[in-house]
Structure formats: C-alpha cells, structure tokens
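Remarks on the overall topology
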Amino acid sequence: MELASIDETLAGTKPADVGISFTIKETEFLLRLIFSSQIDGEQLEIGAGVLSKVKGLHNNLMEKEVEVNR
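Residues numbered from 1 in each chain as written. Predicted model: local features only at pLDDT ≥ 70, side-chain atom pairs only at ≥ 80, totals over all residues. Heavy atoms only, no water.

Our next topic: helix α3 (residues 41-63). The terminal C-alpha atoms of α3 lie 33 Å apart, and with 23 residues this matches the ideal 33 Å at 1.5 Å per residue to within 8%. Residues of α3 that are buried include every one of G47, V54, H58 and L61, and no others. At its buried positions, α3 is contacted by α2 (24-35). (Helix = DSSP H or I, 4+ residues; strand = E, 2+ residues; numbered from the N terminus. Expected span 1.5 Å × (residues − 1). Buried < 20%, exposed > 50% of the residue type's maximum accessible area, 1.4 Å probe, protein only. Contact = heavy atoms within 4.5 Å.)

Before going further, it helps to spend a moment on α2. The periodicity of an α-helix, 3.6 residues per turn, causes residues three or four places apart in sequence to face the same way. In this model α2 runs 16 Å from its N-terminal to its C-terminal C-alpha over 12 residues, within 8% of the 16 Å that 1.5 Å per residue would give. Among the residues making up α2, those that are buried are T27, L31 and I34. For α2, the buried positions fall inside an angular range of 65° around the axis, keeping them on one side. In α2, those exposed residues whose orientation departs by more than 90 degrees from the buried face are K25 and R32. Buried-residue contacts for α2 involve α3. (Arc of directions from axis to C-beta.)

To continue, consider a nonpolar patch on the surface. A contiguous nonpolar patch, built from V18, I20, F22 and L57 and spanning about 370 Å² of accessible area, is present on the exposed surface. When you line up the elements, F22 lands in the loop between α1 (6-11) and α2. (Patch = residues over 30% accessible without salt bridge, like charges linked within 9 Å, V, L, I, M, F, W, Y side chains within 5 Å. Areas by Shrake-Rupley, 256 points an atom, 1.4 Å probe, with all protein chains shown as cover. Salt bridge = Lys/Arg side-chain N within 4 Å of Asp/Glu carboxyl O.)

On the secondary structure map, M62 appears in helix α3. A sequence separation of 38 residues divides M62 from I24, and the C-alpha atoms of the two residues are 7.1 Å apart.

In this structure, L57 sits in helix α3. Residue classification places L57 among the partly exposed positions, given a relative accessible area of 32%. It is 8.9 Å that separates the C-alpha atoms of L57 and I24, two residues lying 33 residues apart in sequence. Aside from chain neighbours lying at most four places away, what touches L57 is F22 and T27.

Rendered as structure tokens:
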C-alpha cells in the first residue's frame, strides 16, 4: 500500500491513509480560531466547509459517553 504524500493529501488528490484523531480541547481551539479569523471573500466558501466539518467533529466528540470508575 502506497501512502499519499502530504502535498497530495492537502491538495485533495489522495485520501490520507493514516487515522487522525482530535480531542474536545483541540476542536474547541480550532473553532475559536476560525471564529476569531477574518476570512476574505474568495476563501469564504472553503472556510464555511471547514467550519462545518470541525463543528460536526466537535459535536460527535461532545456526544461520547465516558464511564468513570469510582
């Protein structure tokens, strides 16, 4: 199996073959960063898509139940 290069993955020509995971703190950071950013017109459509994906990921993480041993 051939791994995609970072350039190919970032360009969207090949999917990343390695799993990437985020914590709630990391998705909160990304959301805060996006909300505080000034995004110009030509980047607005991309920014909206990224925001939607990060919000979806964050919501999924928030719905996870964690069992705590007492």
